[in-house]
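If you want the building blocks of each chain, they are given just below.
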Amino acid sequence: MQLRYSFRLYPNGPQRSALARTFGCSRVVYNDGLRARETARAAGGPFPKTGDLSKLLITEAKKTGERAWLGEVSAVVLQQSLRDLDTAYRNFFDGLKGKRPRMGAPRFKSRRDNRQTVRFTANARWKITTGKDLSLPKIGDVRVKWSRTLPSVPSTVTVVKDAAGRYFASFVVETEPGEVLTEVTPEVGIDLGLTHFAILSDGTKIESPRFLRRAEKKLKREQRRLSRKAKGSGNRTKARTKVARAHARVADARREFHHQLSTRLIRENQAVAVEDLCVKGLARTRMAKSVHDAGWSAFVKMLEYKAARYGRTFVRIGRFEPTSQVCSQCGVKGGPKPLHVREWECGACGAVLDRDINAAVNVAKAAGLAVSACGARVRPGLVPAQRGEAGTHRDGQTTVVGIPLL
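Conventions used here
Residues numbered from 1 in each chain as written. Predicted model: local features only at pLDDT ≥ 70, side-chain atom pairs only at ≥ 80, totals over all residues. Heavy atoms only, no water. Helix = DSSP H or I, 4+ residues; strand = E, 2+ residues; numbered from the N terminus. Rg over C-alpha atoms; globule rule 2.2 N^0.38 Å. Buried < 20%, exposed > 50% of the residue type's maximum accessible area, 1.4 Å probe, protein only. Areas by Shrake-Rupley, 256 points an atom, 1.4 Å probe, with all protein chains shown as cover. Lys, Arg positive; Asp, Glu negative; His and termini not counted. Charge placed at Lys NZ, Arg CZ, Asp CG, Glu CD. Pairing = 2+ DSSP bridges. Axes fitted to C-alpha atoms, helices over the stretch in contact; angles between N-to-C directions. Contact = heavy atoms within 4.5 Å. Phe/Tyr/Trp six-rings, centres within 6.5 Å; stacked < 30°, edge-to-face > 60°. Lys NZ or Arg CZ within 6 Å of the ring centre and 35° of its normal. 1 Å grid on protein atoms, 1.4 Å probe; cavity = no way out; pocket = protein on both sides within 12 Å on 5 of 7 lines; lining within 4 Å. Points joined across faces, edges and corners; volume = space filled by probe spheres on them. Parallel < 35°, antiparallel > 145°, perpendicular 65-115°, else oblique. Left-handed = near helix turned anticlockwise from the far one by under 90°. Nonpolar A, V, L, I, M, F, W, Y, C, P; charged D, E, K, R; others polar. Salt bridge = Lys/Arg side-chain N within 4 Å of Asp/Glu carboxyl O. Patch = residues over 30% accessible without salt bridge, like charges linked within 9 Å, V, L, I, M, F, W, Y side chains within 5 Å.

Draft legend 1. Local environment of the overall build of the protein chain. Assigned secondary structure in the protein chain consists of nine helices and 17 strands. A globule of 406 residues ought to have a C-alpha radius of gyration of about 22 Å, yet the protein chain, at 29 Å, is considerably larger. Out of the 406 residues belonging to the protein chain, those deemed buried represent 40%. A total accessible area of about 23,800 Å² is found for the protein chain, and carbon and sulfur atoms account for 51% of it. Taken together, the 76 basic and 37 acidic charged side chains of the protein chain have centroids lying 10 Å from each other.

Structure (structure tokens):
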């Protein structure tokens, strides 16, 4: 299994300048390759191969006055940029053929993009020094904040600069077998919501932190200050960075919450079941901001890969399963209910059901997990006596009392 580990980088002034040159050169080579292929396509000719583009746009371009500055950065980074372009085209064509989800055609990169990246492969001879710095060719030894130990030796490293001006080193490593957790008994179904982020089939409700809602006041203030700055000025650049940092803090807090909760659920349960929600559809409703603030898709992806990594069972049931309409006690479908109905009574068995907990129990049952409503807030209602059981018995005859005859 491949996992990505990201660590914060703290380059000094000269190193930031060298990274800026590397980002720029990689972007220019990528755009030159994209332009050459689009020109060939418009002329009706075959696409130039990556080897030919590398010779034309890197080796030969360095000998010209217009592109002589390409020699200031590692050639491996420039070649990797062309490989990334080739991968983008391959993914685009595979989407058209139905081999993978559809995605847009490759587009030109801009120096104003929120995210700038370069990739150093093993041929670039990057390394982690004895002082735990990241040594990059033609950049130097960059200080790294190591938060954990890598499980294996990575072959590539990607240096990322985000919109907030922060630098990260991203490693893709192969995990070793043997990380399987000891087996436990509990199995849980999860119903995701907005009022409560997650409702478990055992009756536990986890409050939604609402990170974006809590930070809205500060975000509005910073955005208002940004709108007052003159376009193209240095003050506008500073204000834009402050807005990006405020959004980054919200995203980091949400991601940390998702990691902690998903890890706890995977460690405490042998099997986890969730519902396949249509997030794109829900994001087009009046609840769009709250849906995006919850981050359901990212949380479910974390559950899925952590279950695979630690030897747990992960089940995703269909989105059309009527989990909110079916009674978890008797299985009778009661029909759709408006969102303001948070508790309802089953007309068949009389059980009074909490809407969210009932849905979580039904998610677990639909996934085939051995769960019940024990511990959940479900109480039996008054069940009317059957017609044949009502009344008194005299001389072997049944007398019905208190039930009008129709």
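Draft legend 2. Geometry of the sheet that holds strand β12 (residues 313–317). Ordered in space as β10-β9-β8-β11-β12, the five strands form an open sheet in which the pairing is mixed. Strand pairing shows two members of the sheet lacking a second neighbour, β10 (205–207) and β12, which therefore form its edges. For this sheet the average axis-to-axis angle between neighbouring strands, irrespective of direction, equals 20°. Both strand β9 (residues 196–200) and β10 contribute to a ladder of three bridges, which runs antiparallel. Bridging across to β10, I199 finds its partner in K205. Of the strands in this sheet, β8 (187–192), β9, β11 (271–275) and β12 touch helix α8 (residues 296–310), which is tilted by about 140° from β12.

Draft legend 3. Just the sheet that holds strand β3 (residues 127–128), in detail. The sheet built from seven strands is open, its strands ordered β2-β6-β7-β1-β5-β4-β3 with antiparallel pairing. A single partner strand is all that each edge strand has here, and the edge strands are β2 (116–120) and β3. In this sheet, strand β4 (residues 134–136) lies alongside β3 in antiparallel orientation, the contact comprising two bridges. Looking at the pairing, I128 lines up with L134 of β4. The strands touched by helix α1 (residues 13–42) within the sheet are β2, β5 (140–145), β6 (157–161) and β7 (167–174), with β2 carrying the most contacts at an inclination of about 90°.

Draft legend 4. Quick peek at the pairing of β8. Burial analysis of β8 places five of its six residues in the buried class, the great majority of the element. Of the strand pairs in this sheet, β8 and β9 are connected by three bridges, and their pairing is antiparallel. Of the residues in β9, the one forming a bridge with L192 is A198. With antiparallel pairing between neighbouring strands as the criterion, β8 and β9 make up a hairpin whose turn holds three residues.

Draft legend 5. Molecular detail of the packing of aromatic side chains. Within this structure, the stated rule accounts for 11 aromatic pairs. With a centroid separation of 6.2 Å and an interplanar angle of 25°, the aromatic rings of Y89 and F93 are classed as stacked. A residue pair is termed a helical-turn pair when its members lie 3 or 4 positions apart in one helix, as Y89 and F93 do in helix α3 (residues 75–97) at four residues. For F93, a relative accessible area of 35% corresponds to the partly exposed category. Ring plane angle 45° and centroid distance 5.9 Å describe the contact between W126 and F171, whose orientation is recorded as tilted. Placement of the pair is W126 in the loop between β2 and β3 and F171 in strand β7, with a sequence separation of 45 residues. A single burial state applies to W126 and to F171, both of which are buried. The structure contains a cluster of three or more aromatic residues connected by ring pairs, namely F7, W126, W146 and F171. When the ring centre of Y310 is taken as reference, the NZ or CZ atom of R267 above it lies at 5.7 Å.

Draft legend 6. Main features of the layout of surface pockets. In this structure, the second largest pocket occupies an estimated 1,000 Å³ of space. Surrounding the second largest pocket, 37 residues form its lining, L192, G193, L282, L339 and R355 being those nearest its centre. Broken down by secondary-structure element, the contributors of at least two residues to the lining of the second largest pocket are β8, β9, α7 (288–294) and α9 (355–366). For the lining of the second largest pocket, the element with the most residues is α7, which contributes four residues.

Draft legend 7. Highlighting the packing of helix α5 (residues 234–268) against α8. Across the interface, α5 lies against α8 with an axial gap of 9 Å and an inter-helix angle of 40°. Taken together, α5 and α8 sit at an angle that is classed as oblique. Both α5 and α8 take part in a crossing whose hand is right-handed. The residues of α8 that touch α5, namely those facing R255, H258, H259, L261, S262, T263, L265 and I266, are A298, F299, M302, L303, Y305, K306, A307 and Y310. Its residues assigned to classes, the contact of α5 with α8 comprises 10 nonpolar, four polar and two charged.

Draft legend 8. The pattern of salt bridges, seen in detail. Inspection of the entire model under this criterion finds 18 salt bridges. Note that R319 is salt-bridged to D276, the shortest N-O span being 3.5 Å. Here D276 lies in the loop between β11 and α6 (279–282) and R319 lies in the loop between β12 and β13 (343–345), a separation of 43 residues in the sequence. Assessed through its relative accessible area of 35%, R319 is described here as partly exposed.

Draft legend 9. Broad picture of a positive patch on the surface. On the surface, a cluster of positive charge is made up of K217, K218, K220, R221, R224, R228, K238, K242, R245 and R249. Listed by contribution, the elements that provide at least two residues to the positive patch are α4 (211–228) and α5. It is α4 that provides the largest number of residues to the positive patch, a total of six residues. On the basis of relative accessible area, K238 is assigned to the exposed category, the value being 57%.

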